[in-house]
Structure formats: structure tokens, C-alpha cells
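Single-letter residue listing:
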Amino acid sequence: MRQRGRSVSMDAAYRSLGRADGIRWTPAGVEVEAPPARLAVRFLAPDVVRVEMTPAPEVPEPLPFARTEAEWERPGVAHEERGASLWLASDAMAVEIQSDPVRLVFRDGEGRLLDRDDPESGMGWRYGSVHSFREARPGDRAYGFGEKTGPLDKRGQRMTMWTTDVLPHLPTTDPLYQAIPFYVIWNAGRAHGLFFENTHRTHFDMDREGTGRYHVWSEGGRLVYYLFAGPTFAQVLERYTRLTGRMPLPPRWSLGFQQSRWGYVPQQRVEELARTFRERRIPCDVIYLDIDYMDGYRVFTWDPKRFPDPSGLCRGLKEQGFRVVTIVDPGVKVDSSYPVFREGLEAGHYVEDPAGKPYMGRVWPGEVHFPDFLQERVRRWWGDWHRTLLDAGVAGIWNDMNEPADFRVHDEDRTLPEGTLHRTDEGEVHPHREVHNLYALLMGRATSEALRRMRPQERPFLLTRSGFAGIQRYAAVWTGDNSSWWEHLAMAIPMLLNLGLSGVAFVGADVGGFRDDAEPELYARWVQLGAFTPFFRAHSAHDTRAQEPWTFGPEVEAIARGAIELRYRILPYLYTLFWEAHRTGAPIMRPLVYHFPDDPVAARVQDAFLLGPDLLVAPVLQPQARERMAYLPEGEWVDFWTGEVSRGPAHRVVEAPLERIPLFVRAGAMLPMGPVTQHTGEAGWQELTLLLYPGEAPSHWKTVLYEDDGATPAHEQGVSSRRAMALAVRERHLALDLADPEGSYAPARREVGVEVPFLPGPPRQVLLDGRQLAEGSGFTYETGRGLRLQVPQEGAHRLEVAW
Ligand code: GLC
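Residues numbered from 1 in each chain as written. Predicted model: local features only at pLDDT ≥ 70, side-chain atom pairs only at ≥ 80, totals over all residues. Heavy atoms only, no water.

**Observations regarding the overall build of the protein**
Here is the rule we go by: Runs of H or I in DSSP of at least four residues are treated as helices and runs of E of at least two as strands, each being numbered from the N terminus. We compute the radius of gyration from the C-alpha atoms alone; for a globule the expected value is 2.2 Å times N to the 0.38, where N is the number of residues. Partly exposed describes any residue whose relative accessible area lies between the buried limit of under 20% and the exposed limit of over 50%, with all areas from a 1.4 Å probe on protein chains only and scaled to the type maximum. Residues count as neighbours in contact if any of their non-hydrogen atoms are within 4.5 Å of one another. A residue counts as positive if it is Lys or Arg and as negative if it is Asp or Glu; His and the chain ends are not included. Here the site of a charge means atom NZ of a Lys, CZ of an Arg, CG of an Asp or CD of a Glu.
For the protein, the helix and strand inventory stands at 13 helices and 51 strands. A globule of 803 residues ought to have a C-alpha radius of gyration of about 28 Å, and the protein, at 27 Å, matches this closely. Residue burial in the protein is summarised as follows: out of 803 residues, 64% are buried. Within the protein, residue pairs in contact and separated by at least 24 positions form 70% of the contacts whose partners lie at least 6 positions apart. Distance from the positive charge centre (92 side chains) to the negative charge centre (110 side chains) of the protein: 1 Å.

**Points about the packing of helix H9 (residues 486-500) against helix H10 (residues 520-530)**
How two helices pack is summed up by the angle between their axes together with the distance between the axes. Going by this rule: For helices, the fitted axis covers only the stretch in contact; all axes are lines through C-alpha atoms, and the angles between them, taken along N-to-C directions, range from 0 to 180 degrees. For this classification, under 35 degrees means roughly parallel, over 145 means roughly antiparallel, 65 to 115 means roughly perpendicular, and everything else is oblique. Charged means Asp, Glu, Lys or Arg here, nonpolar means Ala, Val, Leu, Ile, Met, Phe, Trp, Tyr, Cys or Pro, and polar covers whatever is left, Gly included.
Contact geometry for H9 and H10: axes closest at 10 Å, N-to-C directions at 10 degrees. Our classification of the angle between H9 and H10 gives roughly parallel. Where H9 approaches H10, its residues Trp486, His488, Leu489 and Ile493 are matched on the opposing element by Glu521, Leu522, Arg525, Trp526 and Leu529. For the contact of H9 with H10, the residue count by class is six nonpolar, one polar and two charged.

**Let's talk about the UniProt feature "domain: Glycosyl hydrolase family 31 C-terminal" (unreviewed entry) in the protein**
Which entries qualify depends on this criterion: UniProt positions are given in the numbering used here, feature names are shortened, and annotations may be inferred rather than shown by experiment.
Under the UniProt annotation, the feature "domain: Glycosyl hydrolase family 31 C-terminal" (unreviewed entry) is placed at residues 585-670. Helix makes up 5% of residues 585-670 and strand 43%, and the two end C-alpha atoms of the span are 23 Å apart.

**Some remarks on the pattern of salt bridges**
Just so we agree on the cut-off: Salt bridge, as applied in this entry: a Lys or Arg side-chain nitrogen positioned within 4 Å of an Asp or Glu carboxyl oxygen.
This model, assessed by the stated rule, comprises 55 salt bridges. The residue Asp303 makes a salt bridge to Arg306 at a minimum N-O spacing of 3.9 Å. What makes Asp303 buried here is its relative accessible area of 11%. For Arg306, a relative accessible area of 35% puts it in the partly exposed group. What emerges from the salt-bridge pattern is a single network uniting Asp47, Glu73, Glu238, Arg239, Arg242 and Arg246.

**Describing the side chain of Thr244**
Worth spelling out the cut-off: Pairs of N or O atoms within 3.5 Å make up the polar contacts considered here, provided that, within protein, one atom can donate a hydrogen while the other can accept it, and that residues adjacent in sequence are counted only when both atoms are side-chain atoms.
Within the secondary structure layout, Thr244 lies in helix H1 (residues 233-244). Within the local environment of Thr244, its side chain forms a polar contact with the side chain of Gln472, the two groups lying 3.0 Å apart. Discounting chain neighbours no more than four positions away, the residues touching Thr244 are Ala66, Arg67, Thr68, Phe195, Ala469, Gly470, Gln472 and Arg473.

**Things to note about the sheet that holds strand S34 (residues 537-538)**
The condition that has to hold: Two strands qualify as a pair provided DSSP detects at least 2 bridges between them.
Pairing in this open sheet of eight strands is parallel, and the strands run S33-S32-S30-S27-S23-S22-S21-S34 from one edge to the other. Two strands lie at the open edges of the sheet, namely strand S33 (507-508) and S34, each paired on one side alone. In the sheet, strand S22 (residues 286-289) pairs with strand S23 (residues 323-328) via four bridges, with the strands oriented parallel. Looking across to S23, one finds that Leu289 is bridged to Thr326.

**Here's the deal with the state of the cysteines**
Going by this rule: The disulfide definition used here is simple: a pair of cysteine sulfur atoms within 2.5 Å.
A complete count under the given rule lists zero disulfides for this structure. Here Cys284 is not disulfide-linked; the sulfur of Cys314 is the nearest cysteine sulfur, at 14 Å.

**Quick notes on helix H4 (residues 339-347)**
Inclusion rule: Directions drawn from the helix axis to the C-beta atoms are what define this arc.
The complete set of buried residues in H4 reads Val340, Phe341 and Gly344. Within H4, the buried residues cover an arc of 100 degrees as seen down the axis, which keeps them to one side. Those residues of H4 that are buried are in contact with strand S24 (332-333), strand S26 (366-369) and helix H5 (376-385). Two residues or fewer after H4 comes Gly348, characterised by a positive phi angle close to 70 degrees.

**Things to note about helix H2 (residues 267-279)**
The condition that has to hold: By this rule, a helix spans an expected 1.5 Å times one less than how many residues it contains.
Look at H2: 18 Å from first C-alpha to last across 13 residues, which is about the 18 Å you get at 1.5 Å a residue. Listed as buried for H2 are Gln267, Val270, Leu273, Ala274, Thr276, Phe277 and Arg278. Those residues of H2 that are buried lie in contact with strand S21 (258-259), S22 and helix H3 (310-319). Just beyond H2, the residue with positive phi is Arg281, at close to 55 degrees.

**Notes on the side chain of Asp303**
Mapped onto the elements, Asp303 comes out in the loop between S22 and H3. At 3.0 Å, the side chain of Asp303 forms a polar contact with the backbone nitrogen of Arg306. With near-sequence residues (within four places) excluded, Asp303 lies in contact with Asp292, Tyr293, Met294, Asp295 and Pro308.

**Let's talk about the confidence of the model for the protein**
Note the following rule: A residue's pLDDT is the confidence the predictor assigns to it, expressed on a 0 to 100 scale.
The predicted model of the protein has a mean per-residue pLDDT of 96, with 98% of residues at 70 or higher. Taken together, the stretch residues 1-6 has pLDDT below 50 and engages in 19 contacts with residues farther than four places along the chain or on a different chain.

**Here we look at empty space enclosed by the protein**
Using the following cut-off: Only protein atoms enter the 1 Å grid used here. Points where a 1.4 Å probe fits but cannot escape make up a cavity, open sets with protein on both sides within 12 Å along at least five of seven lines make up a pocket, and a residue lines them when an atom lies within 4 Å of a point. Grid points are joined across faces, edges and corners, and a volume is the space filled by probe spheres set on the points.
Under the definition given, this model contains ten cavities of 30 Å³ or more. What the second largest cavity holds in volume is close to 120 Å³. Surrounding the second largest cavity, Arg252, Leu571, Pro572, Tyr575, Trp685, Gln686, Glu687, Leu688, Tyr706, Glu707, Asp708 and Arg749 form its lining. Elements with a contribution of two residues or more to the lining of the second largest cavity: helix H12 (571-584) and strand S43 (699-707). With three residues, H12 is the single largest residue contributor to the lining of the second largest cavity.

**Focus: the packing of aromatic side chains**
The criterion, for reference: Here a Phe, Tyr or Trp ring, Trp counted by its six-membered ring, pairs with any other such ring whose centre lies within 6.5 Å, and the pair is stacked when the planes are under 30 degrees apart, edge-to-face when over 60, and tilted otherwise. For a Lys NZ or an Arg CZ to count as sitting over a ring, it must be within 6 Å of the ring centre and within 35 degrees of the ring normal.
A full pass over the atoms with the stated rule returns 45 aromatic pairs. Consider the rings of Tyr143 and Phe233, whose centres lie 5.8 Å apart with planes at 65 degrees: the pair is edge-to-face. With Tyr143 in strand S13 (residues 141-144) and Phe233 in helix H1, the pair connects residues that are 90 residues apart, well separated along the chain. Neither Tyr143 nor Phe233 differs from the other in exposure class; each is buried. Through a chain of ring-to-ring contacts, three or more aromatic side chains come together here, namely Phe300, Phe341, Tyr350, Phe373, Trp381, Trp382, Trp385 and Tyr439. One residue, Arg278, lies across the ring of Phe322, its end atom 3.8 Å from the ring centre.

The following block contains the structure:
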């Protein structure tokens, strides 16, 4: 891959900030003149500082689309001059601004060093580019950076943010589809984050040469960054997503299993596919239509021969509990008989070449123009065209090729020339090099706003390949064109984990692999892993072997069914995690270090992950493996399949026959589980069972179960149910406290099942709200199946079990 703009380090053209020559205190900050440059440092919140270096007065501000209009609590900030330094301090963070030359040092509320400029090179510029050299400390690990291949910890890597359509991707391939200039540094148990708000091509050299410094530079604009003090990953993510926004709660159906393939034509084949899922009793919620549903790849059309009756198709599928999601690519076919093209042309909606003519690119339809999503009027126009799909009954949209990909350009970028022109609604002109990274974010915004506008009673669902910081506000993200290789199965874990640590919680990789042929065993292992990723979709390219679950023979079909059924069972747990991501920006799929920050071994685990706080997933990532090594962090872990209790920290060899993915529950956890249904809307989906995992040692856990209608935005008005639950375990005794559910949503059930699948021995006493229950009528117990009973849904209840 191309390595542009090698680290400039200290060549003669580089100028770093010099001596401060005048300061001005501002509310919560300070402005420092260091001619020709200016520096502004400001606290947005006690634990968030914004730094802006303008190399010269005429350099424009960053395009603002990554950010939301978040309200910040006003921080109390003290300031003073101390010797040759200026100091700004809140109760969570202090910034020292050394004045000759100007260098920044960040400390936490206790005075511990958080992050600092490299004393020699600091911040500066070189021709039109802006640079930040930062100290890299021994023991730092670097996470985030959006969607990157390679290892979980990016210390020592070099990466570029430039949204790119690339295939195949390899562990060294960079950049990919997403550009998220954000990272989290972990060191000795503490985390802090940095977001570089710059839409130009931006490079991160995370101390590749081992010289003890990081170098971040953008090929234009100002140097603007935000530092988030932490010290937990959760706090960093909460702040970062306050700035760049959070995922709206998606419709519940988009948490189900989804089947896709490039080449599901004609209509009858799609109908047959849906029927096959139901006949074979493999749960599935969504079927995707790839580019072949369109008429000659003209966006917002249907191929009249292959899809003569789109409404009938969507209706028929809906009756069986399927939703249809259609692909929408940005390129508009150049064809004067095609209304979308004509309208766009007449209204001047397209990106232009330097001569002022619509830029002509080449994608699936042949020659195309690209809508200029920088303009609100274009976003609105584009959004309104989705009516053609929604009227037919399409439930969600899939944005692809939105880097944007352009086959006409044959260098590795495969995108529009950098000098192509975009305009704002006010007529200001911005070159593509500045807008490129925002293209998919703006297209996503157009789409998600249109879905909301046209169907205000339904939550929008959008899937995207490309994006920028803030994409989580509009879309779920899949990791693009992977391959049916074991290496890609393994790589999906660090990729998805780092996306989650970049504010994008709703993520997944093509299950089975997009390119090349999946072998049965690979498919089996992939569907087992996919069942625990937030977005769970199987997809494959048109020239690969069939990759539906039943095409690999009965053994793998049964394995896939089992994995997908388990996915449906964990939906109540998963949905609560989605709610948490929506409220706080927390990832759903988390690296072990997220919950075990003081464990240096956990900090480098990238072959396993936590789904929320309570489930540790250790997928099999190698062919022929029937056991694997899993690292269990501190505490007790209950084997989900056998009930065996292991005490961490420890490496353990776990049995993993082909039909089983190694899975551990944190001892003391309460897992809310649903029934196996064929789709998320099937009658009975609101049945709920709490599985209790007391473990052996005393413990006390608290959690909340979140529920709502799963479909409408009513939850934004508080129509939801939040139920606090606590489990206390002491020797041979457990007590479960279920609080009265809060909120105005009442799930359709009278009772909640409670099970202790691995109760260590027969119960001596079972008390519900102080009343003793009798075996047979009040509860059942069987070795191998454990204890089972029902408690009323309404009201607060306390269950005590002694054994
Ligand atoms: C791109 C997408 C892939 C899709 C194909 C055809 O390669 O990443 O998912 O199937 O285009 O639309």
C-alpha cells in the first residue's frame, strides 16, 4: 500500500510553535499568540480540553460535521501564570502551557502526567500540513483508530485516515473504508483519549521507530484536537460520544440474524430463500438485496424483469417475519432518460470538476455523477428519493461504495480526484481533499434523516461501509469486503473491538467471509462468532460458492442453527447493551482490558472479547482446533456449557468441539434470556428467563434490564421499562432482588422465569418474598438442568435459595 507523507520529523521545512508573544484569558481557557500561529486551549468540561492551533490566520476551521451541538456542563477552571508557564486547571485535569517554546503538558486531577507534547517538536506546520508530536511513554497501548486491520494494540503502527474502497484487505492494508481520527491510550490501568478534528487525510505514526514519540499530522486545515482525561475507557467513550454523538436505538429486528448475498435474483429466488429459512427452522430477520435489484444499477429503481413486484415481495416476506434491506450506492447513472439523473443535473446537485462541470466517475452503472452531500438541499433531495424504496415496503437501507469509490481513478485511492469541488449551501467551495472523509457521513445523514422524516413512527435502520467520526449517529457499520479466510475470522475481533472503542458500537463483519469460498468448518466457526457481534449478517460475493447455512451439509447446518438460536436467546441481554451504548457510548463488544484495566495480560488479548460485562467469548479461530487456550481475567468464570467454575487470572485450555464456541459467564451474573423464535417479532418473543450463575465465591452484582417496544421512537419519551436486579451470593445461598420495573412500558408477560442451571446441589430451601416454595408446585430441580421457577413480572420480588 502507498505510504504517503512519510513522517516529516525534523526536516528544515517543519516549523514548530515558537515563543508565546501575548496571551488572553478566555472563559475556561486561554489564547496564545505565537506568530504567525495562534493557539487556543479551552476546557469544554472538567475532563475535556480542546486545543486549536492555527498556523496562519487564513487557515479555515474544520468542517463541523463530526460534532453534535452537545451541551457541556460548565467547568470551573482556575488559571494562573507560574514562572514561564500558564496553567489551566479543573478538578479533573490541569494543562500547563510552557511559553518558550509553546508546549503543552496535560495532567490528571491528582497531578499525574497524562499526555504531553514532544518537547522538541511539539505542534507545528510544514507547508499546508499541521503536526502534533507527542510523547509516547513506555507501557502505552493505543486503541481505537476506527476500522483498522492488524493487531488490537496499535502502538508501533502507522495508519492513515482516508476513506478507501480496497480489496482484498490484509493485515497490512491501510487505509480502509472508515476514517476515525480518534484513539485511546492505556497505560498502567488508566485510559485517556484524543480526537483530532480534521477531515483532511490524517496520519498517525504511533511510534513506529520506537523513538518514544507519536506523530499525528493532517494534510491541511488547523490542528484541532480534544483530549479526554478518562481514567476509564467508559469515561473516555462517554465524553467522546458526547462530542460526536451516539447511536440511536435501532429497531430490534436489526439485532436478529441477517442473510445477504450479491446475486439474489430474481424475485422468486429471494422468496425461496425466505421459505427455506422457515422450513429449516433457522431463525432470520432480514434479507438484503444487493445491486442486482436495480434497473441497470440505477439507484432508486427496480429491475422490472427480475423484480416485477417489489411491493408483493416485501409484503410476502413481511408476513413471514422478514424485513428487506436494499443497497443504495451514491453514483447516479449518467442517462438522460433517468429522472434521478436529470433532476440532479438540473438542480446542480453533483460534485463538480475544476472546470465547473459535474464530475464524471465510473462505478457499477458505468458513468456516474456523485451527489454533493455537503449541501443540505442535496441531502434532502437524495433523502426524498428513498420514497421509491420505502413505498415498496423496504425496511432499511444499506449504503455502499460511499468512500466514495470511483473505478475511473486507477491509483490505490479509487476515488474522486482531490481537486474535485464541493459546495456548501452558502456557495462556499471546498476541495474534495477536505470533504472526502466526510462523504459517507453526510450521505448517512441524508439517509437516516429521510427515514425518520418519512416514517416517524419507525426507528431507522441504515448500514454503511464508509464513515467518519460520528457515523454512529446514523448507521451501523460492517467491515467491508473481507475474505473467507481463517485469518479474516481472527482479524474481525480486533477490528470490531477497535471500532467499538472509536464510538461505533453497532458493528459486524460479513459472516462466512465475502470473497472466496468458505469451507464448512470456517463457516461454522464464523457463525458461532458472529452470533456475539452486535451486527450479525452473513454476506458473500456473487462469484463465490453458496454460503447459506444449509449449503454446508447437515452437520454445519445444525451448528449454524444452534449458534443463531443462541443469538436469539441472548437478545434481552444484548438489547440492554444496545441501550447502554445509546445512552453512554459504551461499546457492546469490548476488549478484556475495558473491564480489567489493571491487568496487563488482558490488555493484549485480541482473540477473545467481552460481550457487555458478563459474557466472555473465546471463539475458535483455527481450522481443526477442538480446544483452545482462553485467558480468564480475575474472578470466577462459569463455563456456559458445562457449569465448570474457573478462577482467574489464568490461562485455561477449553474444549471446543465443532458445535461449541467457548463461552464463559462472569460468576454472580444474571443473564436475561429470551426464547428461541424464528424472528424477533414472532409471538412469544417477550418471554423472559433470568439465568443465574452464582459461582462458588461470595459475590454481589447489580444490573439493569432494559426493555421497550423495540420498534418505535416512543422510548425517547420514556416509554420503556428499566428493571434493577441484584444477585448476592454467599456460602451455599443466593438472594436475587428484582426491583419493580420503572417506566411506562409493560412487556407482555405475566411471569419471569428464573433458572439456576448449575446449582451445585439440590436446594434445601427456596423462598419467594419470604414464602417457602415447594418442589414440584413452586419450583423444579433436576441434576443437569438445575433449578427452575417462575416469579411474577409485576412488582418487586426477592428470591432466596439455599443448597
Ligand atoms: C461492494 C460491497 C459488497 C457488495 C458489492 C456489490 O464490494 O462491499 O458488500 O456485495 O459491492 O454491491
